Amino acid sequence: AQDCAGGVKCRDWLHFRHNCTDPKLRRMFLPTGEITNVDYCVEFDIHPKCDACQTADCQALLKSGQEAYLGLPYWHGRCDPLANARRTEQAAAAFGIPGALNNHITVDPDLVATGVDCPRSKGSSWACAPEIAGMAGPLCSREFNGACQPCFVPGTVQGPDPPPMPYCPLNIFTKGPYTDRLDFPIPKCKTNKASDGCCLYSNTCDGESDPNRASLDDDGYALVAARSNSNDVEVFLRRAAGGTVAAQAVSNTDAMRWAGYFGWENGPATRTLAQVLEETAVLAKTSSPPVIVTSQAQVVQIDNKCFELAVSWQPLDMPMMVGTTQSSAKACQEQCAGTAGCRHFSFWQSPGIASGLCHLHDISATVVEGSVGYTSGPNKCWEDIDDTSNLIDKGHKTYVSSDYACMDWGTLYEPALPGGMHMIPQGDGTNEQAIAQCQTWCVGNPACEHFSISFPSRVCTLAGAGASIMVNQISTVSGRAKCDEKDKQAFYRLFLDSPGLPSGHGRVAGVSMAVALVAGISLASLAVVKVVRTGARSCRRTGVSGTAASASSRGLWPSVPTVLVSVGSPTASEDSEVGRALISRHQDF
C-alpha cells in the first residue's frame, strides 16, 4: 500500500488520490507528451504515443529510453509483452489456477476440458476453420482464455504470410475436430527450420532438440523450447549463455530457473535466442519472480455472473461524459442502464477500497482485454432483458440485433471508393442508427463490398472488393453490405434460446470463466487471490485508452473480440434433438 499524509497507509483510492506522499506520483502526461506536475496523485499514465502500443511511434519511444509510464510501478511496462505475460502468470498463481508458474496455464484446466468443441463457422466473421484446407488458420483454441480464440500457424506455404497472432498451441492438431486430417490437414511448411515455427506442429524440423546437443542458434532454441520443459530450456540457456550478456546470470540459480520457465511457450517460440539471453541477464538483476506473490488469501467476488474481470472498453468514456465514483460494479451497471446510449460499463477498483471509478461506453466502444483492475459488463445482463429473441452476442456481452452478425468492432476497410466517404452529422440519429445508415449507403453503391464507420467523427467509409482490413482501430465498426442468414446462423449454437436446450447452454448468457489476470493489485502488497469469476487479456491504463500485447502470446497483436462459451457440461447441447439439429445446421456453414 502507498504512504499517505499523516504517516498512514492510503486506505482507499480517493485517499490515495489526494494524499499520497510520493512526489513522483503527482505527475501526468500532457497531450503533447510532456510531463507536468499536478496537485493530485496519478495511479497510472502512459505517453500519448503509446495509446496503442503496437504503433511505430510508440515502439520508437520505448526504444529511445524516454519515460513512457508514470504512476504506480506495478502498472509500468504495459506495452512490454513479456511483462504482461509475467503479470498474467503471477495472477494465475494468485487465483489458484492449477499449472500456473510451471506450465504456462492461465485458464482453469477444468474449464478447457469441459468446453464443447469450437464451432467451425467457416466463412463467417467468427471462424474456427480455414477457408481452404491447409491454410495457416484461423483455427481456435480455448487454452488462451477459455473461449474459442482464433489462432494461426506460422511459416506455412499457403499463408497468410505473416499470419496474425496469436500462434496456435503446438498440440492443436491433436485435439477435438482438428484431429480430422481430411478436413484439417497439417499445413505444409515453407521450411524445416524450427525458428520458422511451422514444422514444430508436425515434428518434421531439422536439428536436435536435446538441450545438451541442440545447436546454439535460433533453430536450436526453438526446438528445445518446443519440448515445453523448463529444466530443458534452462540447460540449453546455460550452454548458450557463455560469452553473452547472460554469462553472469549462470551463477544465479533463481534467475536461471525463471529464465528456463519464461523461455518456452505453449506455441512456437516468438523470440530469438539473443532476446531470451538478454531477458536472462535482466532476470539476474530483478526479483524472482518479477512480481512477488504473498501467501495471504483473498477471495474476489463479482457482483453478477455477466460481469467480466480484467476487461474494459475504449474510449474510456462516452462523448461529453467523465467517470463517476460508484460503490460497486453493480451500481456502475445501473448507471449505464439509466444512461441513454450506454451499452457497456467499465468499473475500476483497487482491492480493499470501498468505491471505484465508473466509466460508460456506447455501441462504438472497442473491448480491451487484460485490463487489470477493471470489471466490465453490459447495461443489462442477458436474463434481465425482456426480449432476447433477435439478439446475439458479438463477444464480451455485446448484445445486439442479429442484423449486426456480419459486423466487427475495431476494424476498418481501406482504401475508400472514389467519393466513398460521408460524414453523418451528430444530430442525425443515434450511433446505432448511424451504423445502419452507413451500411445502407454501401447497399446503394454497386461497387461497395464493405463499409466502416468511425466514431466520434461518424465518418462512413465505403470500400470495394479487394480492400484491406485494418485491425485494432479504436471506435470503429465495419461490415459487409448485407448480413445474410449464414452470418446469423453462425451464432445459433451459442445464442439461440430454444426449448429442449438445457438452461445455460445454446447461448452465452451467464458465462463463468476462470482466467489469470489480477484485478488491481499493488506492487507493494500483492495478495494471493482465488478467482470466482473472471475473463480475458491485453492492456489498459486508467484515464487513457490503449492496447498492448497479449500476455498469452507474448507478441504485439491486436485485441480480438472473443465469444465466451457456456461450458457447464461438454455434451449438454448435443443431448437434445433440438441441440443436434442446431449443431448440424451450424456445421453446414
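Residues numbered from 1 in each chain as written. Predicted model: local features only at pLDDT ≥ 70, side-chain atom pairs only at ≥ 80, totals over all residues. Heavy atoms only, no water.

### Points about unusual backbone geometry
- The omega torsion of the bond from glycine 137 to proline 138 falls at 10°, within 30 degrees of zero and hence cis.
- Locating proline 138 in the fold gives a position in the loop between helix 4 (109–114) and strand 7 (139–141).
- Residue proline 415 follows glutamate 414 across a cis peptide bond; omega there is 5°.
- Tracing the backbone shows proline 415 in the loop between strand 20 (411–414) and strand 21 (421–423).
- The backbone of histidine 104 sits at a positive phi, close to 55°, despite the residue not being glycine.
- Inspection of the secondary structure puts histidine 104 in the loop between helix 3 (81–94) and helix 4.
- Given a relative accessible area of 7%, histidine 104 falls into the buried group.
- Although it is not a glycine, asparagine 203 sits at a positive phi angle of roughly 55°.
- Note on placement: asparagine 203 falls in the loop between strand 8 (149–151) and helix 5 (218–225). (Helix = DSSP H or I, 4+ residues; strand = E, 2+ residues; numbered from the N terminus. Buried < 20%, exposed > 50% of the residue type's maximum accessible area, 1.4 Å probe, protein only.)

### Comments concerning helix 9 (residues 329–337)
- The set of residues buried in helix 9 consists of Ala329, Ala331, Cys332, Gln333 and Cys336.
- Buried residues in helix 9 make contact with strand 12 (324–326), strand 13 (344–348), strand 14 (356–361) and strand 16 (374–378). (Contact = heavy atoms within 4.5 Å.)

### Concerning the sheet that holds strand 23 (residues 459–463)
- In spatial order, the strands read 19-25-22-23-21; together these 5 strands make up an open sheet with antiparallel pairing. Each edge of the sheet is formed by a strand with only one pairing partner; in this case those strands are strand 19 (408–409) and strand 21.
- Examined bridge by bridge, strand 21 and strand 23 share 3 bridges and lie antiparallel to one another. Bridging across to strand 23, methionine 423 finds its partner in valine 459.
- This element, helix 10 (residues 431–443), spans strand 21, strand 22 (450–454), strand 23 and strand 25 (476–480) of the sheet and lies at about 150° to strand 22. (Pairing = 2+ DSSP bridges. Axes fitted to C-alpha atoms, helices over the stretch in contact; angles between N-to-C directions.)

### Observations regarding the confidence of the model for the protein
- Here the protein shows a mean pLDDT of 75. Residues at 70 or above account for 75%.
- Taken together, the stretch residues 287–302 has pLDDT below 50 and engages in 41 contacts with residues farther than four places along the chain or on a different chain.
- Low pLDDT (under 50) marks residues 489–589, which in the prediction has 350 contacts with non-local residues, meaning those over four places away or in another chain. (pLDDT = per-residue confidence, 0-100.)

### Remarks on the state of the cysteines
- Counted according to the given criterion, the structure contains 12 disulfides.
- Across the disulfide from cysteine 20 sits cysteine 41; the S-S distance is 1.9 Å. Between cysteine 20 and cysteine 41 the sulfur-sulfur dihedral comes to about -100°; the bridge is accordingly left-handed. Note that cysteine 20 is positioned in the loop between helix 1 (13–19) and strand 3 (27–29) and cysteine 41 in the loop between strand 4 (35–37) and strand 5 (44–46), a separation of 21 residues in sequence. Side by side, cysteine 20 and cysteine 41 carry an identical accessibility label, which is buried.
- The disulfide partner of cysteine 336 is cysteine 342, and the S-S distance across this bridge is 2.0 Å. (Disulfide = S-S within 2.5 Å.)

### Here we look at the pattern of salt bridges
- Considering all chains together, one arrives at 11 salt bridges under this definition.
- With a shortest N-O distance of 2.2 Å, lysine 190 and aspartate 161 are connected by a salt bridge. Linking lysine 190 in the loop between strand 8 and helix 5 with aspartate 161 in the loop between strand 8 and helix 5, this pair joins segments that are 29 residues apart in sequence.
- Through salt bridges that share partners, Glu208, Asp210 and Arg213 make up one connected network. (Salt bridge = Lys/Arg side-chain N within 4 Å of Asp/Glu carboxyl O.)

### Here we look at the nonpolar core
- Counting 24 residues, the largest nonpolar core has Phe16, Ile46, Cys50, Tyr69, Trp75 and Cys79 as the members making the most contacts within it.
- Breaking this core down by element, the ones donating at least two residues are helix 1, strand 5 and helix 2 (56–64). (Core = buried A, V, L, I, M, F, W, Y, C linked by side-chain atoms within 4.5 Å.)

### Focus on the packing of helix 6 (residues 230–240) against helix 8 (residues 273–283)
- Remark: helix 6 packs on helix 8, axes separated minimally by 11 Å, with the N-to-C direction vectors making an angle of 95°. Judged on the interaxial angle alone, helix 8 and helix 6 are roughly perpendicular. Contacts from Phe236, Leu237 and Ala240 in helix 6 reach Leu273, Val276, Leu277 and Thr280 in helix 8.
- Looking at side-chain class alone, the contact of helix 6 with helix 8 contains 6 nonpolar, 1 polar and no charged residues. (Parallel < 35°, antiparallel > 145°, perpendicular 65-115°, else oblique. Nonpolar A, V, L, I, M, F, W, Y, C, P; charged D, E, K, R; others polar.)

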